[in-house]
Amino acid sequence: GENVEQHPSTLSVQEGDSAVIKCTYSDSASNYFPWYKQELGKRPQLIIDIRSNVGEKKDQRIAVTLNKTAKHFSLHITETQPEDSAVYFCAASIRSGGSYIPTFGRGTSLIVHP
Amino acid sequence: GAVVSQHPSWVICKSGTSVKIECRSLDFQATTMFWYRQFPKQSLMLMATSNEGSKATYEQGVEKDKFLINHASLTLSTLTVTSAHPEDSSFYICSATRRESDTQYFGPGTRLTVL
């Protein structure tokens, strides 16, 4: 089955710095890669996603890049703010029947110091 | 749009009892619902995938007879933890997707504590 590795497990930055979280996946059939932000005790919130026919996507301070050949994708957050502090999960999804089955990374705890 | 609710948000029960958790898509038809378990400071572990009107597909290592999943309608799926034990204490989260869609919408989660 699919295996998703996520690094680092913890990332501490100063407010205003950039943060980069990287994920690798094993199954070349994966074709949908969402990123979720989860605050303590709350539901994961989709912050950005990318599909396998695109190499990069940007939404304000957040961007995601995908390298299908190398099977890795990354989340980039610029001008970090304290409210960006949370756990971030990447996922790689494979279509199975009519559903897209995700495999999640282990998560990255991002801490933004004011 | 795409709101998913879960009920209850938290539950405390005695060992040996059964607990039912509901997951509802409030403003869309969810052809597929997923059930996850999450331990503190850990990732989301997929337990099962549930398609409306058919039996759930369980992930390896998840006991079908212990975690009963029903997806009887396009807006409701239930997870019943049978004969709960303290090791079943966890945060259970559902998510839902539309037909042929890859985007998942998560519920707020249910905190289960088994005494």
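No experiment lies behind these values; they were computed from the predicted model shown.

Student: What exactly am I supposed to notice about the state of the cysteines here?
Tutor: By definition, a disulfide links the sulfur atoms of two cysteine residues through a covalent bond. Applying the stated criterion across every chain, the model contains two disulfides over all chains. The disulfide partner of Cys 23 of chain A is Cys 90 of chain A, and the S-S distance across this bridge is 2.0 Å. Looking down the S-S bond of the Cys 23 of chain A and Cys 90 of chain A bridge, the torsion is -100°, so its handedness is left-handed. With a gap of 67 residues between them, Cys 23 of chain A in strand 3 (residues 19-25) and Cys 90 of chain A in strand 9 (residues 86-96) connect regions that are remote in the sequence. Like Cys 90 of chain A, Cys 23 of chain A is buried. With a sulfur-sulfur separation of 2.0 Å, Cys 23 of chain B is cross-linked through a disulfide to Cys 94 of chain B. Across the S-S bond of Cys 23 of chain B and Cys 94 of chain B the torsion is about 80°, and the bridge reads as right-handed. Placement of Cys 23 of chain B in strand 3 (residues 19-25) and of Cys 94 of chain B in strand 9 (residues 90-97) is noted, with a sequence separation of 71 residues between them. We note that Cys 23 of chain B, like Cys 94 of chain B, is buried. Note on Cys 13 of chain B: no disulfide assigned, nearest cysteine sulfur contributed by Cys 94 of chain B at a separation of 18 Å.

Student: Sorry, what's going on with the interface of chain A and chain B here?
Tutor: Where interface size is quoted, it is often the accessible area lost as the parts come together. In this complex, chain A contributes 20 residues to the contact, which on the side of chain B involves 21 residues. Taken together, the two surfaces of chain A and chain B that pack against each other cover about 1700 Å², and 51% of this comes from carbon and sulfur. The largest contributions to the chain A side of the interface with chain B come from Arg 43, Tyr 100 and Phe 104 of chain A, which together make up 31% of the buried area. Along the contact surface separating chain A from chain B lie one salt bridge. Its salt-bridge partner being Arg 51 of chain A, residue Asp 102 of chain B comes within 2.7 Å of it at the nearest N-O pair. If you look at where chain A meets chain B, you find six residue pairs in polar contact (both at pLDDT 80 or more). Of all elements in the fold, only strand 4 (32-38), strand 5 (45-51), strand 9 and strand 10 (99-104) of chain A reach the threshold of two or more residues within the side of chain A that touches chain B. In terms of residue count, the dominant contributor to the side of chain A that touches chain B is strand 10 of chain A (five residues). Classifying every residue of the side of chain A that touches chain B by side-chain character gives nine nonpolar, five polar and six charged.

Calculation criteria
- Residues numbered from 1 in each chain as written.
- Chains lettered and ligands numbered in written order.
- Predicted model: local features only at pLDDT ≥ 70, side-chain atom pairs only at ≥ 80, totals over all residues.
- Heavy atoms only, no water.
- Disulfide = S-S within 2.5 Å.
- Helix = DSSP H or I, 4+ residues; strand = E, 2+ residues; numbered from the N terminus.
- Buried < 20%, exposed > 50% of the residue type's maximum accessible area, 1.4 Å probe, protein only.
- Contact = heavy atoms within 4.5 Å.
- Buried area = accessible area lost by both parts, 1.4 Å probe.
- Salt bridge = Lys/Arg side-chain N within 4 Å of Asp/Glu carboxyl O.
- Polar contact = N/O pair within 3.5 Å; in protein donor to acceptor, adjacent residues only side chain to side chain.
- Nonpolar A, V, L, I, M, F, W, Y, C, P; charged D, E, K, R; others polar.

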